Amino acid sequence: MREWIIGLSAVLLASCGPSQDIDQTPDASAAAIEAGLPSPGSATEATKRANAALASRLDLSPGTDGEDARRDRLAFIEEDAILAADGSVVWAIPQFDFLDSEAPETVNPSLWRQSQLAAHHGLFRVMDGIYQVRGYDLSVMSVIEGETGWIIVDPLTANETAAAALKLVNDTLGERPVTGVLYTHSHADHFGGARGVISDEDVANGVPVLAPIGFSESAVSENLIAGNQMSRRATLMFGNTLPRSTTAHVGSGLGPGLPNGTISLILPTEEIEGRGTRRVIDGVTFEFIDAAGTEAPAEFMFYLPEKRALCTAEVATATFHNVLTPRGAKVRDALKWSRAIDYVLAEYGADSDVVFASHHWPTWGQENVVQFLESQRDIYRYVHDQTLRNANAGATMVEAAEAVEEPDFQAEDFTTRGYYGTLNHNAKAVYQHYFGWWGGVPAEYNRLPHEVTATRYVEAMGGAEAVLEIGQNAFAAGDYRWAAEVFNHLVFADPERQEARDWLSATYEQLGFQAESGAWRSYYLTGAAELRRGLPNIGDPRLGNPDFLKAVPSLDLFDALAARYNPGKMDRDPFAIVFEFPDTAETVSLLVERAVLVPREGAAEDPAATVTMDRRDFDRLILGDARPLGLITSGKMKIGGNRGAVSAMFDALDQPPFWFNTVVP
Ligand SMILES: [Zn+2]
């Protein structure tokens with residue numbers, strides 16, 4: 001029997017360090033240099049002008065935000081790094097020290113300010129009994145003092161950063177047990193470090209783990225079926241393979257960056273629903289406000305009446321967030337999002353002395369809390385309403401995004417600026433939410449693939465040399481959006497043409513240097529790097545995760561396998577396989593049709609084969625931690641009927657490469 005391996009991507013946030021082959025960047029082609037290609041890492045005059053213009057239009061002094069980001073720091077991690085058990089660096093403490101200077105010409109000055117604020121790291125006092133550990137992860141861990149221990153809100157992305165954060169708390173404030181854990185929503189940067197602060201044993205001993213309704217399903221399923229594409233895109237969006245420097249990654253806008261640690265999942269002991277639902281954890285009263293379908297499919301905010309403190313989770317943070325994240329996700333509902341913020345403003349605004357969130361620094365003072373919530377509410381409503389106003393008047397998706405201009409309040413309240421999401425791509429997301437992917441112009445409905453049109457465009461524009469010149473003229477004029485489109489045709493028509501890659505790379509670099517969104521900057525600059533030196537030579541990250549897989553319902557797991565089915569590899573007549581999982585007492589049938597796999601609960605009639613094994617072992621098989629022959633030999637997997645049918649089904653599942661091309665065909 002053949003051995004099959006089914007590496008199923010179950011984790012959104014692929015951990016991988018900066019690319020190891022940075023020093024091997026090839027020189028740009030002589031022809032490109034002769035034609036005026038700027039050397040990599042330098043800002044052009046047009047970029048300098050654009051960044052200077054923004055700096056003169058906005059008051060970029062740190063101001064109140066600067067005071068709030070530094071306020072009441074009690075301690076910080078004094079070691080050089082947070083390490084994994086094997087000694088590898090999970091989070092280098094000084095990696096963002098370079099931000100402690102004036103904005104360089106190669107970084108949007110407003111993003112620079114935001115990155116400086118987000119890089120302040122340590123343990124901070126929010127008020128008596130509420131603390132935050134910030135600056136050691138993309139997200140923030142909040143810690144609330146209970147009667148006997150610590151209640152942890154959002155244990156970061158990785159076990160290692162979460163454990164280091166808890167150690168800092170215990171070392172500084174006195175050692176106490178963890179008496180409760182809250183996950184505010186279903187994104188991995190808010191629960192992935194769970195095993196760094198509690199164990200399964202703690203949960204079995206009664207430590208409550210509370211999460212919003214729908215958490216368990218959303219946490220695993222949002223990213224399972226589309227995990228490979230999402231994880232690959234996340235490497236671009238978060239600049240995972242870029243160095244941290246003034247010419248590369250400076251921060252994500254939402255937080256400094258992703259750690260290279262171990263992601264875990266401990267399922268909640270209770271999922272909370274409703275608005276105004278109360279629970280007392282270790283003597284502290286929490287009032288929960290459901291916000292499902294805003295920033296995440298499952299999310300809650302909460303209010304602490306005894307403290308007059310409001311936690312807005314990731315619904316309201318110190319940035320304009322993504323209505324549709326560049327890494328990919330189902331589009332979010334900007335109107336629902338704005339309404340959820342207005343709800344907490346109306347219900348709790350007058351009774352809150354501080355608002356804190358799961359990213360960034362808190363806002364203190366009741367009037368400031370109200371102003372913060374008003375601005376946050378308004379930016380989501382603004383992009384929603386203005387996109388629809390334009391679309392209803394006939395605008396296409398791109399036209400609507402172009403027409404939604406910066407509102408006055410974005411120049412005053414920087415927490416609404418596009419450091420993560422942008423007006424441009426969020427307007428497109430609103431358009432997509434209502435009208436789908438198509439702008440409404442017939443010629444755009446059934447377009448040819450770009451690999452086909454690229455060659456024809458190049459020909460129609462007078463050939464490769466003429467296209468190069470058009471692109472270079474656009475570049476020289478600082479018209480980088482047009483230059484990117486022109487050079488992109490050339491690269492897609494002939495990806496081996498180094499000169500074209502050099503110019504497209506230089507164009508992406510200038511777009512990155514001007515971008516105010518950390519996500520845009522990282523996306524452009526990673527694209528530029530991949531054009532210059534190809535894909536990173538660092539091997540595929542391990543994407544499977546036993547904690548995640550265990551939490552996936554069996555039917556969903558088979559749906560994810562079905563999305564790997566390559567009908568071209570199946571040459572048998574339709575048949576069925578029945579899977580019996582004794583440990584979960586489940587029976588699932590897989591109907592193997594000509595074009596699709598159909599999972600169905602219960603036993604099919606006349607199956608070609610019946611596979612009996614624990615679901616636990618099936619997960620190990622899928623992760624590649626166990627092999628079929630080994631499982632069969634040890635009696636953990638029994639196949640009744642036609643073994644060849646089982647092999648044929650697994651052999652027909654594709655194993656997609658992680659490092660697929662994005663900037664070249
Ligand atoms: Zn987050």
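Residues numbered from 1 in each chain as written. Predicted model: local features only at pLDDT ≥ 70, side-chain atom pairs only at ≥ 80, totals over all residues.

With respect to the overall build of the chain
Per the secondary structure count, the chain includes 22 helices and 21 strands. Computed over C-alpha atoms, the radius of gyration of the chain comes to 26 Å, within 12% of the 26 Å expected from 2.2 N^0.38 for 665 residues, which places it in the range of a compact globule. Counting only residues that meet the buried cut, the chain has 50% of its 665 residues in that class. (Helix = DSSP H or I, 4+ residues; strand = E, 2+ residues; numbered from the N terminus. Rg over C-alpha atoms; globule rule 2.2 N^0.38 Å. Buried ≥ 20, exposed ≤ 12 C-beta atoms within 10 Å, placed from the backbone.)

Re the nonpolar core
Side chains that are nonpolar tend, in soluble globular proteins, to be buried together. Formed by 188 residues in total, the largest nonpolar core has its most connected members in Ala-165, Val-383 and Ile-577. Here this core spans two domains, and each of domain 1 (64-435) and domain 2 (553-651) adds at least three residues to it. Contact partners of Ile-577, with chain neighbours within four places excluded, come to Leu-590, Val-592, Pro-607, Ala-608, Ala-609, Val-611, Ala-645, Val-646 and Met-649. (Core = buried A, V, L, I, M, F, W, Y, C linked by C-beta atoms within 7 Å. Domains from an automatic or database assignment. Contact = placed C-beta atoms within 7 Å.)

Overview of the sheet that holds strand β4 (residues 122-127)
Two strands in a sheet stick together by hydrogen bonds in their backbones, pointing the same way (parallel) or opposite ways (antiparallel). Strand order in the open sheet formed by eight strands is β1-β4-β5-β6-β7-β8-β9-β10, and the pairing between neighbours is mixed. The strands lining the two open edges of the sheet, one partner per strand, are β1 (73-75) and β10 (270-272). For this sheet the average axis-to-axis angle between neighbouring strands, irrespective of direction, equals 25 degrees. Both strand β7 (residues 150-153) and strand β8 (residues 178-182) contribute to a ladder of four bridges, which runs parallel. Paired with Ile-152 across the bridge in β8 is Val-181. (Pairing = 2+ DSSP bridges. Axes fitted to C-alpha atoms, helices over the stretch in contact; angles between N-to-C directions.)

Things to note about helix α3 (residues 63-70)
For α3, the set of buried residues is Asp-65, Asp-68 and Ala-69. Mapping the buried residues of α3 onto a view down its axis gives an arc of 100 degrees, with all of them on the same face. Exposed side chains of α3 directed beyond 90 degrees from the buried face belong to Gly-63 and Glu-67. Next to the buried residues of α3 lie α4 (109-119) and β16 (363-364). Looking at the residues trailing α3, positive phi occurs at Asp-72, about 55 degrees. (Arc of directions from axis to C-beta.)

Looking at helix α12 (residues 423-435)
Look at α12: 18 Å from first C-alpha to last across 13 residues, which is about the 18 Å you get at 1.5 Å a residue. Among the residues of α12, Leu-423, Asn-426, Ala-427, Lys-428, Ala-429, Val-430 and Tyr-431 are the ones counted as buried. On its buried side, α12 packs onto α9 (334-348), α10 (366-392) and α11 (397-403). (Expected span 1.5 Å × (residues − 1).)

Some remarks on the packing of α10 against α12
Interhelical geometry of α10 versus α12 gives an angle of 65 degrees and a closest axis separation of 9 Å. Pair α10 / α12 crosses with right-handed handedness. Touching Val-383, His-384, Thr-387, Leu-388 and Ala-391 of α10 are Leu-423, Asn-426, Ala-427, Val-430, Tyr-431 and Phe-435, all from α12. (Left-handed = near helix turned anticlockwise from the far one by under 90°.)

Comments concerning the pairing of β7
Side chains Trp-150 and Ile-152 project from β7 onto one buried face, and the interleaved Ile-151 and Val-153 project onto a second face that is buried too. Both strand β6 (residues 141-145) and β7 contribute to a ladder of four bridges, which runs antiparallel. Paired with Glu-145 across the two strands is Trp-150, which belongs to β7. Handedness of the β7-helix α5 (residues 159-173)-β8 crossover: right-handed. (Right-handed = clockwise from strand over helix to strand, strands pointing away.)

A few points about the pairing of strand β5 (residues 130-134)
When you tally the buried positions in β5, you get five out of five residues, the bulk of the element. In β5, alternate side chains face the same way, and those of Ile-130, Gln-132 and Arg-134 on one face and Tyr-131 and Val-133 on the other are all buried. Of the pairings in the sheet, the one linking β4 to β5 comprises five bridges and is antiparallel in character. Its bridge partner being in β5, Gly-122 is matched across the sheet by Arg-134. Remark: two residues form the turn of the hairpin made by β4 and β5, two consecutive strands paired antiparallel; Gly-129 in that turn has positive phi of roughly 90 degrees. By the bridge criterion, four bridges tie β5 to β6 in an arrangement that is antiparallel. When the sheet's bridge partners are listed, Val-133 is paired in β6 with Met-141.

Remarks on the environment of Met-649
Tracing the sequence through the fold places Met-649 in helix α22 (residues 643-651). Given 24 C-beta atoms within 10 Å, Met-649 falls into the buried group. Those residues in contact with Met-649 that sit more than four places away from it in its chain are Ile-577, Leu-590 and Val-592.

Some remarks on the environment of Ser-522
Structurally, the position occupied by Ser-522 is in helix α17 (residues 518-533). Taking the C-alpha atoms as reference points, Ser-522 and Phe-579, 57 residues apart in sequence, are found 44 Å from one another. Other than its neighbours up to four places away in sequence, Ser-522 contacts Leu-236, Met-237, Phe-238, Gly-239, Leu-242, His-249 and Ser-252.

Here's the deal with the packing of helix α15 (residues 480-493) against helix α16 (residues 498-514)
For any two helices packed against each other, one specifies the inter-axial angle together with the distance between the axes. Orientation of α15 relative to α16, taken along the N-to-C sense of each, is 150 degrees, at an axis distance of 9 Å. In terms of their interaxial angle, α15 and α16 are classed as roughly antiparallel. Note on packing geometry: the crossing formed by α15 with α16 is left-handed. Residues Tyr-480, Ala-483, Ala-484, Phe-487, Asn-488, Leu-490 and Val-491 of α15 lie in contact with α16, whose contacting residues are Ala-500, Arg-501, Trp-503, Leu-504, Thr-507, Tyr-508, Gln-510 and Leu-511. Here the contact of α15 with α16 is built from residues that sort into 11 nonpolar, three polar and one charged. (Parallel < 35°, antiparallel > 145°, perpendicular 65-115°, else oblique. Nonpolar A, V, L, I, M, F, W, Y, C, P; charged D, E, K, R; others polar.)

Remarks on the sheet that holds β16
If you trace the six strands from one edge of the open sheet to the other, you get β11-β12-β13-β14-β15-β16, paired in mixed fashion. Unpaired on one side and paired on the other, β11 (275-281) and β16 mark the two borders of the sheet. Across four bridges, strand β12 (residues 284-290) lies against strand β13 (residues 300-304) in antiparallel orientation. Bridging from a neighbouring strand, Phe-288 pairs with Phe-302 of β13.

Details of unusual backbone geometry
Glycine aside, residues mostly have negative phi angles, and peptide bonds mostly take the trans form. Phi angles above zero are rare outside glycine, and Asp-154 is one such case at about 65 degrees. Along the chain, the position of Asp-154 falls in the loop between β7 and α5. Unusually for a residue other than glycine, Asp-282 sits at a positive phi of about 45 degrees. In this fold, Asp-282 is placed in the loop between β11 and β12. Judged by the 19 C-beta atoms lying within 10 Å of it, Asp-282 falls in the partly exposed class.

Quick look at the environment of Leu-166
One can find Leu-166 in helix α5. Along the primary structure Leu-166 and Trp-150 are separated by 16 residues, whereas in three dimensions their C-alpha atoms are 9.3 Å apart. With residues near it in sequence (within four places) discarded, Leu-166 still touches Gly-196 and Val-197.

Describing the confidence of the model for the chain
The predicted model of the chain has a mean per-residue pLDDT of 94, with 96% of residues at 70 or higher. Long-range and interchain partners of residues 9-24, a stretch whose pLDDT sits below 50, account for 57 contacts in this model, where long-range means more than four residues apart. (pLDDT = per-residue confidence, 0-100.)

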